[in-house]
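Here is how the chains run, residue by residue.
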Amino acid sequence: MSDILRRGRLSKSPDEEMRNYTSSMAADKWIFEADVYVDLAHTLMLEKQGIILKSDGRKILSGLLQIREEGMEKLDFSYEDIHISLESRLIDIIGAEAGGRMHSGRSRNDEVATCIRFALRGELLSLLDDLVALQHVLVSLSRKHLTTVMPGFTHLQHAQPTTFAHHMMAHADALERDIERVISAYSRVNLCPLGAAAFASTGFNLDREMTAKSLGFSKPMTNSMDAVSSRDFLIECAAVFSNIMINLSRMAEELIIWSGQEFNFVELDDTYASTSSIMPQKKNPDTAELMRGKSGTVIGALSALLVTAKGLPLSYNRDLQEATPNIIRSSSVTSASVRMMAGMLSTLTVRADVMQRQAPAGFTSATELADTMVREAKIPFRTAHQIVGTLSRGTSIEPTLEEIDAVSVTVIGEKLSARGLTQKAVKDALDPMENVKRRAVLGGPAPEQMKKSISEKEKRINALESQISGLNAAVENALNGLVSDVQKEIQ
Ligand code: ARG
């Protein structure tokens with residue numbers, strides 16, 4: 001049949017290159033399912049409002065179910081987008097008399113905005129599941145390594161002893177904020193533009209509350225012009241995804257350097273490694289490197305979205321079509337990366353012995369030694385800092401009380417042993433595990449404190465899990481309801 005869109009106003013057909021240039025069919029695979037649901041909801045509403053006859057409505061609904069069954073492959077890919085191609089297929093199946101009525105009171109502008117929100121909502125829900133699964137991996141790794149002492153770093157220089165649990169829980173805390181951000185973004189994604197039509201709404205008496213509810217959205221968007229023209233929800237999600245990727249990329253970077261011979265703290269499972277085509281001995285952390293690289297793809301998508309949206313006048317402009325592939329790409333890369341990180345960490349070999357051995361290197365207990373001088377010899381911290389700083393110019397990372405006294409005489413004219421510093425206090429201060437145990441303030445690495453942090457975290461993960469399953473259930477119930485209403489209607 002002739003092109004149902006162009007045959008009226010336009011006299012010429014586009015050539016193949018022009019079609020490819022303007023078509024969104026490739027990206028629209030992502031919204032095929034959403035589009036069918038949106039069509040079903042819109043049709044039921046048109047029928048209920050008396051805008052179309054029940055008999056026509058039934059034909060449309062059956063045709064839509066057939067299209068859903070056949071899948072997207074049956075559609076004509078020479079159309080410029082899924083919406084018009086699907087409508088054309090419907091008209092092929094049920095005829096123009098009924099099929100030509102489906103698009104009453106609607107535009108592709110509100111349709112596409114609704115479809116994108118519908119599909120993205122699903123992606124956010126599955127991303128949340130992936131993120132929660134990663135939280136569980138981090139928590140169980142931490143539980144196992146409460147006393148695995150390792151050097152902590154600032155400026156990538158050995159700084160103070162900490163534990164592997166403390167390090168992993170730091171990443172878990174960052175990712176928890178990501179989860180909260182996804183949930184918050186979800187509340188602005190899950191709004192329904194349908195009924196806004198091209199931008200000025202419509203003279204048909206639509207029930208926008210009904211379509212929003214049946215599609216599982218929390219409510220209709222208010223201003224019809226804003227509903228079709230805004231893509232800030234895409235920018236927001238891409239920013240959230242970028243943040244997740246930055247967190248994952250930092251974790252990946254650590255896995256990469258820790259896998260190297262210089263560190264040798266961890267070994268990735270063979271599944272996540274690659275080898276060299278020339279150097280037979282190599283085991284490379286490629287999965288982690290790609291994760292670090294793919295963060296660039298996601299951040300790039302955010303930039304693309306920002307630039308696409310900037311400077312567009314209201315309301316709909318075709319530029320907006322270019323936004324969609326960016327959110328699809330950034331969402332799928334982010335979810336896959338979260339799953340890969342969970343896989344890498346849950347199969348990771350942690351070399352606790354190497355970490356332990358390296359924990360004192362670089363005089364990591366220097367801060368605790370200075371703190372001990374403050375506590376035992378009652379000198380100001382700044383003075384202790386100077387004494388220990390002077391000591392660390394030497395090669396020893398285990399200064400004796402005599403060495404300490406020799407320096408302190410040059411700094412304050414007095415021996416610290418004369419002020420109450422004992423050999424035992426010095427020895428304890430130099431013990432990495434003792435350092436860790438003493439860091440027992442809220443958020444510190446002391447095993448007792450970490451146990452508390454982990455239990456608190458588990459409680460919060462549980463709460464997030466029930467919040468997420470509530471979101472899933474709301475969508476599922478709405479869509480099941482919609483499908484059963486459709487089935488009742490066509491019986
Ligand atoms: N493929 C289009 C998009 O993604 C659908 C809306 C087309 N609207 C229009 N007025 N040409 O934005």
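Residues numbered from 1 in each chain as written. Predicted model: local features only at pLDDT ≥ 70, side-chain atom pairs only at ≥ 80, totals over all residues. Heavy atoms only, no water.

Note the threshold: UniProt positions are given in the numbering used here, feature names are shortened, and annotations may be inferred rather than shown by experiment.
Under an unreviewed UniProt entry, the name given to the protein chain is Argininosuccinate lyase, and the organism recorded is Methanolapillus millepedarum. Taken from UniProt, the Subcellular location (unreviewed entry) comment for the protein chain reads in full: "Cytoplasm".

### Brief notes about the packing of helix H11 (residues 232–259) against helix H13 (residues 323–346)
Quick reminder of the rule: Fitted lines through C-alpha atoms serve as axes, helices being fitted only where they are in contact, and the angles separating the N-to-C directions of these axes extend from 0 to 180 degrees. Secondary structure elements follow DSSP: runs of H or I no shorter than four residues count as helices, runs of E no shorter than two count as strands, and numbering proceeds from the N terminus. Throughout, the term roughly parallel applies to angles under 35 degrees, roughly antiparallel to angles over 145, roughly perpendicular to angles from 65 to 115, and oblique to all others. Note on convention: the crossing is left-handed when the near helix lies turned anticlockwise from the far helix by less than a right angle, right-handed when the turn is clockwise. The contact criterion used is simple: two residues touch if any of their non-hydrogen atoms lie within 4.5 Å. All amino acids are sorted into three groups, where Ala, Val, Leu, Ile, Met, Phe, Trp, Tyr, Cys and Pro are nonpolar, Asp, Glu, Lys and Arg are charged, and the leftover types, Gly among them, are polar.
Contact pair H11 / H13: the axes reach a minimum separation of 9 Å and the direction vectors enclose 30°. Put simply, H11 runs roughly parallel to H13. The hand of the H11/H13 crossing is left-handed. Seen from H11, the contacting residues are Leu234, Cys237, Ala238, Phe241, Ile244, Met245, Leu248, Met251, Ala252 and Leu255; seen from H13, they are Ala323, Ile327, Ser330, Ser331, Val333, Thr334, Ser337, Val338, Met341, Met344 and Leu345. Of the residues in the contact of H11 with H13, the class split is 17 nonpolar, 4 polar and no charged.

### Some details on the site of the ligand
What counts, and what does not: Nearness is judged by heavy atoms alone; a residue qualifies as near a molecule or strand once a single heavy atom is within 4 Å of it. Under this definition, polar contacts are N or O atom pairs within 3.5 Å; protein pairs additionally need one hydrogen-donor-capable and one acceptor-capable atom, and for neighbouring residues in sequence, both atoms have to be side-chain atoms. All accessible-area figures derive from a Shrake-Rupley calculation using a 1.4 Å probe, and residue coverage is judged against the displayed protein chains alone.
Every residue lining the ligand is accounted for by Ser24, Asp81, His83, Arg108, Asn109, Val112, Tyr316, Arg318 and Gln321. Contact distances for the ligand include 3.2 Å between a nitrogen atom and a side-chain N or O atom of aspartate 81. Here a nitrogen atom of the ligand sits 2.9 Å away from a polar atom, N or O, in the side chain of glutamine 321. Within the complex, the protein chains bury 88% of what would otherwise be the 350 Å² of accessible surface of the ligand. Here the shell around the ligand takes 3 residues from helix H7 (residues 108–144), the largest share from any one element. Class assignment for the residues of the shell around the ligand results in 2 nonpolar, 4 polar and 3 charged.

### Describing the pairing of strand S1 (residues 149–154)
Here is the rule we go by: Pairing between strands is defined by DSSP: at least two bridges between them are needed.
Judged from the 6 bridges that link them, S1 and strand S2 (residues 157–163) form a sheet pairing that is antiparallel. Bridge assignment links valine 149 to a residue of S2, and that residue is threonine 163. The turn joining S1 and S2, which pair antiparallel and follow one another in sequence, is formed by 2 residues; a positive phi near 55° is taken by histidine 155.

### Describing the environment of lysine 219
Tracing the backbone shows lysine 219 in strand S4 (residues 219–220). Note: C-alpha distance between lysine 219 and glutamate 267 (48 residues apart in sequence) is 49 Å. For lysine 219, the residues in contact, after removing those within four places along its chain, are Asn190, Leu191, Cys192 and Ala212.

### So, helix H15 (residues 366–377)
Selection criterion: Expected helix span is taken as 1.5 Å per residue step, with the number of steps being one fewer than the number of residues. A 1.4 Å probe rolled over the protein chains alone gives each residue an accessible area, and that area as a share of the maximum for its type sets the label: buried under 20%, exposed over 50%, partly exposed in between.
Helix length check: H15, at 12 residues, gives a terminal C-alpha distance of 16 Å against a target of 16 Å (1.5 Å per residue), a fit within 8%. Regarding H15, the residues found buried are Ala366, Glu368, Leu369, Ala370, Thr372, Met373 and Ala377. Buried-residue contacts for H15 involve helix H16 (381–391), helix H17 (401–412), helix H18 (423–429) and helix H19 (432–438). Directly beyond the C-terminal end of H15, a positive phi value near 55° is found at lysine 378.

### Some remarks on the side chain of aspartate 178
Structurally, aspartate 178 is set in helix H8 (residues 164–189). Once residues lying within four places of it in the same chain are set aside, the contact partners of aspartate 178 are Val240, Asn243, Ile244 and Asn247.

### A few points about the pattern of salt bridges
The line we're drawing: A side-chain nitrogen of Lys or Arg and a carboxyl oxygen of Asp or Glu constitute a salt bridge if their distance falls within 4 Å.
What the rule picks out here adds up to 33 salt bridges. One salt bridge connects arginine 101 with aspartate 56, and the closest N-O pair in it is separated by 3.2 Å. Here the residue arginine 101 occupies a position in the loop between helix H6 (96–99) and H7, and aspartate 56 occupies one in helix H4 (residues 54–70), the gap between them amounting to 45 residues. The class for aspartate 56 is buried, based on a relative accessible area of 8%. When the shortest N-O distance is used, the salt bridge between arginine 89 and glutamate 70 registers 2.9 Å. Placement of the pair is arginine 89 in helix H5 (residues 82–94) and glutamate 70 in helix H4, with a sequence separation of 19 residues. The buried category is assigned to arginine 89, whose relative accessible area is 18%. One salt-bridge network, held together by shared partners, links Glu368, Asp371, Arg375, Glu434, Arg438 and Arg439.

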